[in-house]
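# Coordinate inspection notes
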Amino acid sequence: MKLKSRHLLGLEGVSKEEIGLILDTAETFKEVLERPIKKVPTLRAVTVVNLFYEASTRTRISFELAEKRLSADLVNFSASTSSVKKGETLKDTVKNIEAMKIDMVVIRHQSSGAPYFLTQCLSSSIINAGDGAHEHPTQGLLDLFTLREKYKELEGLRVVIVGDIKHSRVARSNIWGLKAMGASIAVCGPTTLMPYEIEKMGIEVFSNLDDALQGADVVNVLRIQLERQKGGLLPSLREYSNEFGINSDRLKNLNPNFTIMHPGPINRGVEITPEVADGPYSVILDQVTNGVAIRMAVLYLLSGGEGKVE
Amino acid sequence: MNNTKSQEAELIIAGGRIIDPASKLDKVGDIYVRDGKIAKIETKKLIPRKKIRFTPEIVDAYDKTVTPGLVDMHTHLREPGREDEETIQTGSEAAVAGGFTSICCMPNTQPPIDDQESVKFIYEKAKSAKCKIYPVAAATKGLKGEELTEIADLAKAGAVAISDDGRPVYSSILMRYALEYSKMYDIPVISHCEDLALVSDGVMNEGFVSTILGLKGIPNVAEEVMVARDIRLAEFTKSKVHIAHVSTEGSVNLIREAKKKGVKITCEATPHHFTLTDEIIKSFDTNAKVNPPLRTKKDLDALKKGLKDGTIDCIVTDHAPHSIEEKDVEFDAAPFGMVGLETALGLVITELVEKKVLSLVEAIAKVTLNPAKILRLSAGQIKVGMPADLTVIDQEIEWTVEPKEFKSKSKNSPFGGRKLRGKAFLTIVDGKVVYQS
């Protein structure tokens, strides 16, 4: 089996079968990562450019490692060191880079739709590493992978995403991915951080955390940014923390064998207390480990790979 | 034959279905033009068709519709300042190709049209243009929203309205003064209704689509709170206000109520707002990025209802040319606006007349008589003694929009590839054929 598209722009519209293929492939690559020599020659002839127009530590390093583990050639580009500052447009920048003969572009951009825009300008495969508040598909996939590792089956799982849903691409990719896999989804956060008509995505919406957590298997805690307070969306982080922060008291409503997730970076003591983030039910570091395997799988499949890898 | 005709008229538009909303005329007839004016409207003794074919002064309008020349009271020409995107000349060429014989240009040029000299500059440039150009002047100096422009001077120089279009007159007290002051010269204030704080850095309609796409939303209420404010201010000052590009159901309802109460309010809608919804943004097409943003089906239906019941007086293009390089960027970075002069008539016929929202006569009134009345232009009617500004429309022709073939310098239209019915066949300004398809 192969993926339908040459690009990974989002999880909207990606089928259960395709997600299953990516997760299965990632499982094989995860096994590679456990070996003493964590490298395969799979993408030896492939050149990947990592275009990061927005600050990122985890995602950038994760992609970079995934590319290295697959023996791809890679080039890193970040907005601060680029000609962006000289006023060059995104299109010109990528056209120039593509003229140097590359095969794939991984892009992180602050504008929703920027990866889609690249598909209109370039012939390379495009991987979205996060665009505005739109999607962050590899994060969604690594979250699915992490949950599948623990629960085997995602269907029927009750997942609650807590925090700034409005500005979160992680939330959107998780919702699409989880929906495709048959999970039941709820979002919870302050009403000022809830996007318009989000319930139309086929999910439940809460503004009371205890109600939301009732009977949940998984809590995916989103980062809350200080700028939201400045923008008037929140009175204070202190109040946010009181109302929506995940602490051990809140966990009593959850199902046994529950899971705490966080896409990082964590504001300890704001959206999540340290004892929860570091607790035995937390898979936060597993998510990071799995991120590399997922990105290897995506790179491999989009460069034309099918099914099993040796 | 030729000689006798010439004495009587320099041009005859023969055999067309003549529609004149002012006199409620809807009959097949011949229009005689002399000295650039309409000399006679003959609906009884028509010139036989076989005679028409061989006479240059006679236009064969059989199977065509002859209407007053179309009037667009909301156009952006980019001169002065951005002549790479549009000039008064190229804008007028696009206008006549779209069937327009009079267009009103908005003042948000660089520098803005905010003093007598700049109004005169437009009229000077307009002398060589293909159609008539009427400037709308700024309501505040430099469009800054701080001090009123010299409205008396502007009106005397020929500004047909005042507006800070592109942005609202944000200060309520200044809007009050603009309404009160312009009343002395009986020109309307055209209000671009937008609460800037509610708009914030939004780039599309706030709705389910913006939620999915993660693009920042512009809520309906950003428009509606300003419409409500301007209704109250117009009522209080007993002045005329014209609401530009109405895009939401709530605005239509507010204006309908205000009209019932007798507030001196008029308004307009654009073809793109009654044709497209925010669904089109799913392809991140920057040519569909427009302000106010494309809304939802509910709003689109409300606009149609408002057009039908007369709440919405006019249809305008809000023709907003932008260069390819400005639009060929990520969605957030693109400027707002789309061109519209060359697609408006086709969209009116296809979306409103064909779909039976409006009769042809009702539709034509909204692009001729009504805007001409609001701005008191000598246009919009087929009447003896009036300038012979006429549009001969081929209502049956089906055509495909090809932006690269636009006469406009800019090609930023989301309608590329769309099939439309109805097109200008011939455009006549002051008795002269300025466009022939």
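A brief report on the enclosed structure follows.

## Concerning the packing of helix 1 (residues 16–34) of chain A against helix 11 (residues 284–302) of chain A
All names here are of chain A.
- Helix 11 packs onto helix 1 with a crossing angle of 120° between their chain directions and a minimal axis gap of 8 Å. Regarding the angle of helix 1 to helix 11, the classification is oblique. For the pair helix 1 and helix 11, the sense of crossing is right-handed. Counting all contacts with helix 1, which are made through Leu21, Ile22, Thr25, Ala26, Phe29, Lys30 and Leu33, the residues of helix 11 involved are Asn290, Val292, Ala293, Ile294, Met296, Ala297, Val298, Tyr300 and Leu301.

## Here's the deal with the pairing of strand 5 (residues 65–68) of chain B
Residues and elements named next belong to chain B.
- Here strand 1 (residues 11–20) runs beside strand 5; their pairing, made up of two bridges, is parallel. Within strand 5, the position partnered with isoleucine 18 by the bridge is valine 66.
- Inspection of the sheet shows strand 5 paired to strand 16 (residues 390–400) by four bridges, in the antiparallel sense. For proline 68, the partnering residue across the bridge sits in strand 16 and is leucine 390.

## With respect to the interface of chain B and chain A
- Listed by partner, the interface residues are 16 residues for chain B and 20 residues for chain A.
- Here the element with the most residues in the side of chain B that touches chain A is helix 8 (residues 208–213) of chain B; it accounts for four residues.
- Tallied by class, the residues present in the side of chain B that touches chain A amount to seven nonpolar, five polar and four charged.

## Concerning the sheet that holds strand 7 (residues 204–206) of chain A
Residue and element names in this part refer to chain A.
- Taken in spatial order, the five strands make up an open sheet running 7-6-5-8-9, and their pairing is parallel. What marks the edges here is a single partner per strand, and that holds for strand 7 and strand 9 (259–261). Averaged over all pairs of adjacent strands, the angle between strand axes in this sheet comes to 20°, irrespective of strand direction.
- Both strand 5 (residues 158–162) and strand 6 (residues 184–188) contribute to a ladder of five bridges, which runs parallel. Across the sheet, residue isoleucine 161 finds its bridge partner in strand 6, namely valine 187.
- Running over the sheet, helix 5 (residues 137–151) touches strand 8 (218–221) and strand 9 and is turned about 165° from strand 9.

Definitions and limits used
Residues numbered from 1 in each chain as written. Chains lettered and ligands numbered in written order. Predicted model: local features only at pLDDT ≥ 70, side-chain atom pairs only at ≥ 80, totals over all residues. Axes fitted to C-alpha atoms, helices over the stretch in contact; angles between N-to-C directions. Helix = DSSP H or I, 4+ residues; strand = E, 2+ residues; numbered from the N terminus. Parallel < 35°, antiparallel > 145°, perpendicular 65-115°, else oblique. Left-handed = near helix turned anticlockwise from the far one by under 90°. Contact = placed C-beta atoms within 7 Å. Pairing = 2+ DSSP bridges. Nonpolar A, V, L, I, M, F, W, Y, C, P; charged D, E, K, R; others polar.

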